[in-house]
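Each chain, written out:
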Amino acid sequence: MKIADYIKALSPLWSFFFFSFFLLGYFRGSGNVADGLSARSFLSLLFGVSGALLVVQLHYCELGHKLSSYSPVMRFWIPLRDIVALTLALLVISIVLAVTVKPLFAIGVIVVLAPFLLFVFSPISLRRRGLWYNFTFLLSALLLFSFGWIFSGGSFPSMLLHSIPYSLFAFFFSVVIWHLEERPPETVFSRFSHRELILLLILGLILIGIVSYLLHEQVIFLLSIFSFPFLLWSIFVPSREVLLVNVVLFLMPIFTAFYFIDYLWYVFLLVVFCVFRLVYILLLPRRG
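Everything numeric here is computed off the predicted structure, so don't read it as measured data.

### Overview of the overall build of the chain
Then comes step 1: Check the secondary structure of the chain and you find 12 helices and 0 strands.
Then comes step 2: When the elements of the chain are put in sequence order from the N terminus, they spell out α-α-α-α-α-α-α-α-α-α-α-α.
Then comes step 3: Scored against the burial criterion, the 288 residues of the chain give a buried share of 51%.
Then comes step 4: Look at the contacts in the chain between residues 6 or more apart in sequence, and 75% of them connect residues 24 or more apart.
Then comes step 5: Of the roughly 13200 Å² of accessible surface on the chain, a fraction of 73% belongs to carbon and sulfur atoms.

Okay, structure coming up:
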């Protein structure tokens, strides 16, 4: 048994990234007050996102693709039945917990998980439908942010305005992920060379930084600042965007923690996640 693989499987790197959209939506919708979020609602959505993302990774395993070292399943030597069992368990626990919160919350969880599943399942399979590859990221972030905002009791018109930088950043992030794929599907970005695409991403990141600054969305603004030097480096060193991906995946939940520092379960899980990643890195050179 490869212990490092199981540690990596239980390290919710991608889950915390997407879950941060929900938390930040809740925080902003409640008027910058991080209270009233129960542990059941918190864990329900986190487990659901983790299960949905494992479904996506299983899809890539089936295709035989290798995204890169940031992928949580692609390089695993874990039996497929173990990953499937873990995935089903996470999804079932998520729905059961959501129902105990309230039926409407359970419906909301199902709605926000839908884009992840539609991304891979036929006959829709948005991953293969050109620009829908990128819009799936945008839609997932928008739904999670909106769900958090509405769940906190925030007003709908304000939500539409403040969701803009989150949606733009998710779209930006999706283009980076698409560019790193071994065999990316054809999209409008396929016509650009590596350098042209990076320059386009830099312009997009500047726009995101300006919009997030004007709307006082500090997390996205800080992510834009930290992402900028990695994009500049990618102009001259192809495929270095993988460092940008890992930086963003780490920093977004960490920046979010500043608003939810009193939520012990979030801080606890975030610490566990960081420890798991550290142990995985230490064990990685010893793998067979």
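### Overview of a nonpolar patch on the surface
Then comes step 1: A cluster of nonpolar residues, L203, I206, I210, Y213 and L214, forms a patch on the protein surface that exposes about 550 Å² of accessible area.
Then comes step 2: Examined against the element boundaries, I206 turns out to sit in helix α9 (residues 194-214).
Then comes step 3: The exposure class of I206 is partly exposed, given its relative accessible area of 39%.

### Quick look at the confidence of the model for the chain
Then comes step 1: The predicted model of the chain has a mean per-residue pLDDT of 81, with 80% of residues at 70 or higher.
Then comes step 2: Here helix α1 (residues 3-9) stands out as the least confident element of the chain, with mean pLDDT 57; α9 is the most confident, with 92.

### Re unusual backbone geometry
Then comes step 1: A positive phi is found at N32, a non-glycine position, where the angle reads about 60°.
Then comes step 2: Structurally, N32 is set in the loop between α2 (13-29) and α3 (39-63).
Then comes step 3: Among the residues examined, N32 registers a relative accessible area of 42% and is labelled partly exposed.
Then comes step 4: Non-glycine residue H216 carries a positive phi angle of around 60°.

### Here's the deal with the side chain of S50
Then comes step 1: With respect to the secondary-structure elements, S50 resides in helix α3.
Then comes step 2: Polar side-chain contacts of S50 include one of 2.8 Å to the side chain of S15.
Then comes step 3: Here the side chain of S50 touches L46 through a polar contact of 2.9 Å, landing on its backbone oxygen.

### Some points on helix α5 (residues 103-118)
Then comes step 1: Look at α5: 23 Å from first C-alpha to last across 16 residues, which is about the 22 Å you get at 1.5 Å a residue.
Then comes step 2: The largest bend along α5 reaches roughly 30° and is located at V112, with the proline P115 sitting one to four residues downstream.
Then comes step 3: Listed in full, the buried residues belonging to α5 are F105, A106, G108, V109, V112, L113, P115 and F116.

Parameters at a glance
Residues numbered from 1 in each chain as written. Predicted model: local features only at pLDDT ≥ 70, side-chain atom pairs only at ≥ 80, totals over all residues. Heavy atoms only, no water. Helix = DSSP H or I, 4+ residues; strand = E, 2+ residues; numbered from the N terminus. Buried < 20%, exposed > 50% of the residue type's maximum accessible area, 1.4 Å probe, protein only. Contact = heavy atoms within 4.5 Å. Areas by Shrake-Rupley, 256 points an atom, 1.4 Å probe, with all protein chains shown as cover. Patch = residues over 30% accessible without salt bridge, like charges linked within 9 Å, V, L, I, M, F, W, Y side chains within 5 Å. Salt bridge = Lys/Arg side-chain N within 4 Å of Asp/Glu carboxyl O. pLDDT = per-residue confidence, 0-100. Polar contact = N/O pair within 3.5 Å; in protein donor to acceptor, adjacent residues only side chain to side chain. Expected span 1.5 Å × (residues − 1). Bend = angle between axes of the 7 residues up to and from the residue.

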